[in-house]
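Overview (structure and organization)
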Amino acid sequence: MRLSCTALLAALSLPLMLACGTSAPTPSSAACPPAVASRPMAAPTASTSSSAKAPTVEQALAWLKGADAALRVAFVDQSRADWINMNFLTHDTSRASALAADESMGLVTRLIEESRRFDGLPLPADAARQIHLLRVSNPIVSPADAKERAELAELSVKMVDDYGAAKYCPPRLKGKCLELPDLERILAKTRDYDEALDAWRGWQRTARPQKARFARYVELANHGAREAGFADTGALWKSGYDMPPEQLEAEADRLWAVMKPFYEELHCYVRGRLQQKYGKDKVPDGKPIPAHLLGNMWAQEWEELFDLLEPYKGQPSIDVGKRLRDKKLDERSMVRIGERFYTSLGLDPLPDTFWERSLFKKPQDRDVVCHASAWDVEMNDDLRIKMCVEPTEADLLTIHHELGHDYYFHAYKGLPVLFQQGANEGFHEAIGDTIALSVTPGYFRSIGLLDQVPTDERGVVNVQMKRALEKVAFLPFGMLVDRWRWDVFSGKVAPDQYEAAWWALRTKYQGVASPVPIDAADFGAGAKYHVVASSTYVKYFLAAIYQFQFHRALCKAAGHTGPLHTCSIYGNHEAGARLSAMLALGASKPWPEALATLSGETRADPSAMLEYFAPLRAWLKQQNAGQVCGW
Ligand code: X8Z
Ligand code: ZN
C-alpha cells in the first residue's frame, strides 16, 4: 500500500512495514481459505476457483483475516529487504529487494482477484472498506503473469537504486564526482548563474538512462492496473481519495484556482529580485524564471534564496542553521529536538530501537538512498527514519516531517494492515508539516536556537516570506508531478514526448523554464526521486493545504486567539490529544470523517493557508504594484 515517503521502495510502497516476525500466521478459517498460506504465494488456492458457489459474509470475513495476516508477512519481508537495500546499495541487496517486491506484488494481485468473489455481499462497513483499500492502496499492481511481474519488480528497484547511486563527475574535478546532496548544496548556496547551471545540468543528465526503463515500467504497471479493473495506473492512483478519480483532479484544480493568484504574486516579486541579481537578459520580463536559479534542484521550494529575497534587511536573524552549526549540534541532537516537540504534546517518546536502527548521517563509505523517509519495518513500533541530515534549518524541518510519519505509524499500529495508512496519502504527508508550522521563531528562541524574535511588522513579513518560499512556492510543483504521470499512464504522453510534456507543465504551473534547449533524450521527470520510486506526488499538494487547516484546528483546540501565524501548539496536551485521535483512525474511515474529528470540517479548505499568510500577501500586493506579473 502506498504510504508517504515511507520506505515503499521499489515500487510498491506498502502501507506500513509490518510486524510479527518471520513465521507467518495461519489463516483462521478453513471454510473459505484465503489464498494466503504461511508463505504468501506458496500454494494455488481454492478461493480463486470461479466454480465455487456464492460465498457467505462469514467466509468473506475469514478470508479477510487471512489476507491481513499474509499481507503483514509479505510487507514486513519487503520492507526489511528494502531497508537493507536502500542503506547498502549493492547488486545483491537490489536483487533481494526485487525478489521481495515480486512476492508482495504477487500476493496483492492475487488477493485483489480473489476479493472479487465477495463483490455484492452485504459486508460490514469495515470489511468492505478493507477490500476497497486492498484494491486502491498499492500504487503499482503487478500483472498476473509471473514473468512480467518479475520484470516490473526488477525495474522498479533498479530505478530507485540508480537514482540513489547517481553521480555527476565534471571533467574539471578530474575524477571526483558529485552526488545529489553536493549538487543541492551548490544550488542552495551559489549565486553564480553558470555554476548553478552546471550543477543543475549535471544532475538532469544522470536521469537519461532511466527513461527507457521508465517507459517499460509504465507499460507493465498499466497492464497490472487494467487487469485489476482500472483504466490505467493514473486512474488507480486517483482512486485512493474516497471520491471518483475524475473528482480528485477537479478537487486539485479547485484548490489550485484559489491559491494561484497568491503564487503569481510571489513569483512576480521573486522574479523582480532575481532580475536585480542576474539582469534582465538572464531573467527576462514577463517570462518564466530559469529553473536553476531558485536554489533548489526542482525549483520546488525557494527558501534557500532568502538572503536575496529578504524583504527587510537589519531585522533580527531568523537563520537557525547558523546557530545549529555554531553549537555543533549533530544529527541525533537535531532529531531529539524534533522528538521533543511531539512529546511536549503528550505523545510517546520514540522507542529505543528508533535510535539504534535509524540512519541519520550520510555514510562516507557506501551508496545509500539519501532521500528522507520514515519507516516501521516490522509494523510493530519498529519506527525509523533514513535521512542524510545536514545542519540546516530545512533539514530540521524535514526531521519534523519524517517524525510525523512515524507518529502516524505508532498511532495506528494496532489496526488491521489495510487500515494502517493515512486517512488519505495527503494526511500522512501533512502531519509532520503541521507540527513544523508550530516551530516558530518564538519556539526556536525558547530552545536556544534564536536570540531574538521578530515582533514588528517588518520582522513578521520577513518570517512569512521565508515560510512562503517553502510552502506557497511548492504548490504548483506539488500539482504538476502527478499531472505529468497521469498523462503518461493514460497514454496521452508517449516516451518521445516525456521531456516536452514535463517542461510544458513546469512552465504552465510553476512559471519556470528550462535554461537549456529541451532535448527529448533528457528525462527531467526522472531526475525527481518520487517519479522513479513510484511514490505518488499530488499528496504533497493536498498536504500543503491540509496542514494549515490542521494547524488552525489544533490552535483552536489549544485556545490560541491571536492571528494564525502567531500560534505554536508546543507543549499543549489538548492539541496533542486531538491530533492523536485522528491519527489513531488510520485509514479506517473515509478521510472527511477523519478531518471532522480534528477540525469539524469535511472538505479541504485553502482559506486557512490564506489566513496564515495574510500579512505577507498584503505586503506583496504593495510591492508588485505597477509590475507586470505572470509569464
Ligand atoms: O519527499 C518528501 C519528504 C519525504 S515524504 C522528504 N517531500 C517531498 C519532496 O521532497 O519532494 C516533502 C515535501 C515534498
Ligand atoms: Zn513525507
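Residues numbered from 1 in each chain as written. Chains lettered and ligands numbered in written order. Predicted model: local features only at pLDDT ≥ 70, side-chain atom pairs only at ≥ 80, totals over all residues. Heavy atoms only, no water.

Time to look at the confidence of the model for the protein. Averaged over every residue, the pLDDT of the protein is 92; the share at 70 or more is 92%. Within the model, the stretch residues 1–50 combines pLDDT values under 50 with 193 contacts to residues more than four positions away or in other chains. (pLDDT = per-residue confidence, 0-100. Contact = heavy atoms within 4.5 Å.)

This next bit is on the coordination of the zinc ion (ligand 2). All of the protein donors around the zinc ion (ligand 2) are His401 (NE2), His405 (NE2) and Glu429 (OE); their distances to the metal are 2.0 to 2.1 Å. Between the donor residues of the zinc ion (ligand 2), the gaps in sequence give the motif H-x3-H-x23-E. Of the two residues, His405 sits in helix 15 (residues 393–411) while Glu429 sits in helix 16 (residues 425–437), which places them 24 residues apart along the sequence. There is no split in this pair, since His405 and Glu429 are both buried. (Donors = N, O, S within 2.8 Å, 3.2 Å for Na, K, Ca; no water. Helix = DSSP H or I, 4+ residues; strand = E, 2+ residues; numbered from the N terminus. Buried < 20%, exposed > 50% of the residue type's maximum accessible area, 1.4 Å probe, protein only.)

It is the contact of helix 10 (residues 245–278) with helix 18 (residues 457–490), at a shortest axis distance of 9 Å, that shows an interaxial angle of 135 degrees. For the element pair helix 10 / helix 18, the angle class is oblique. Crossing hand, helix 10 versus helix 18: left-handed. Where helix 10 abuts helix 18, its residues Leu248, Glu249, Ala252, Asp253, Trp256, Met259, Phe262, Tyr263, Leu266, Tyr269 and Val270 lie against Met465, Ala468, Leu469, Val472, Ala473, Leu475, Pro476, Met479, Arg483 and Trp486. Residue composition of the contact of helix 10 with helix 18, by class: 18 nonpolar, no polar and three charged. (Axes fitted to C-alpha atoms, helices over the stretch in contact; angles between N-to-C directions. Parallel < 35°, antiparallel > 145°, perpendicular 65-115°, else oblique. Left-handed = near helix turned anticlockwise from the far one by under 90°. Nonpolar A, V, L, I, M, F, W, Y, C, P; charged D, E, K, R; others polar.)

For the rest of this paragraph, the subject is the pattern of salt bridges. A full pass over the atoms with the stated rule returns 44 salt bridges. Note that Lys167 is salt-bridged to Asp367, the shortest N-O span being 2.9 Å. Note that Lys167 is positioned in strand 1 (residues 167–168) and Asp367 in the loop between helix 14 (352–357) and strand 4 (373–376), a separation of 200 residues in sequence. The exposure class of Asp367 is partly exposed, given its relative accessible area of 23%. Close ionic contact of Glu393 with Lys466 constitutes a salt bridge, the shortest N to O distance being 2.9 Å. Separated by 73 residues along the polypeptide, Glu393 in helix 15 and Lys466 in helix 18 bring together distant segments of the chain. Exposure remark for Lys466: the relative accessible area of 15% places this residue in the buried category. In the salt-bridge network here, residues are joined through shared partners; they are Arg201, Arg208, Asp519 and Asp522. (Salt bridge = Lys/Arg side-chain N within 4 Å of Asp/Glu carboxyl O.)

The next point concerns the packing of aromatic side chains. Within this structure, the stated rule accounts for 47 aromatic pairs. Chaining the aromatic ring pairs together yields one cluster made of Phe214, Tyr217, Trp237, Phe474, Phe477, Trp484, Phe489, Tyr498, Trp502, Phe523, Tyr537 and Tyr540. It is Lys282 that lies over the ring of Tyr193; its NZ or CZ is 5.1 Å from the centre. For the cation-ring pair, Arg366 lies above Phe88, with the distance from its terminal atom to the ring centre recorded as 4.1 Å. (Phe/Tyr/Trp six-rings, centres within 6.5 Å; stacked < 30°, edge-to-face > 60°. Lys NZ or Arg CZ within 6 Å of the ring centre and 35° of its normal.)

With that settled, the discussion passes to the pairing of strand 4. Every second residue of strand 4 is oriented toward a common face, with Ser373 and Trp375 on one face and Ala374 and Asp376 on the other, all of them buried. Where strand 4 lies against strand 5 (residues 383–386), four bridges are found, and the strand directions are antiparallel. Of the residues in strand 5, the one forming a bridge with Trp375 is Arg384. What sits between strand 4 and strand 5 in their antiparallel hairpin is a turn of six residues, with Met379 showing a positive phi close to 50 degrees. (Pairing = 2+ DSSP bridges.)

In this structure, Lys174 takes a positive phi of about 50 degrees despite not being glycine. Tracing the backbone shows Lys174 in the loop between strand 1 and strand 2 (178–179). Under the relative-accessibility criterion, Lys174 is labelled exposed at 74%. Positive phi is not limited to glycine here, since Asp381 has a value of about 65 degrees. Take Asp381: it is sitting in the loop between strand 4 and strand 5.

This paragraph deals with the state of the cysteines. Taken as a whole, this structure holds four disulfides when the rule is applied. The partner cysteine of Cys268 in its disulfide is Cys629, sulfur to sulfur 2.0 Å. Judged by the sign of its S-S torsion, about -80 degrees, the bond between Cys268 and Cys629 is left-handed. Taken together, the residues span a long stretch of sequence, with Cys268 in helix 10 and Cys629 in the segment after helix 25 (614–624) at a distance of 361 residues. (Disulfide = S-S within 2.5 Å.)

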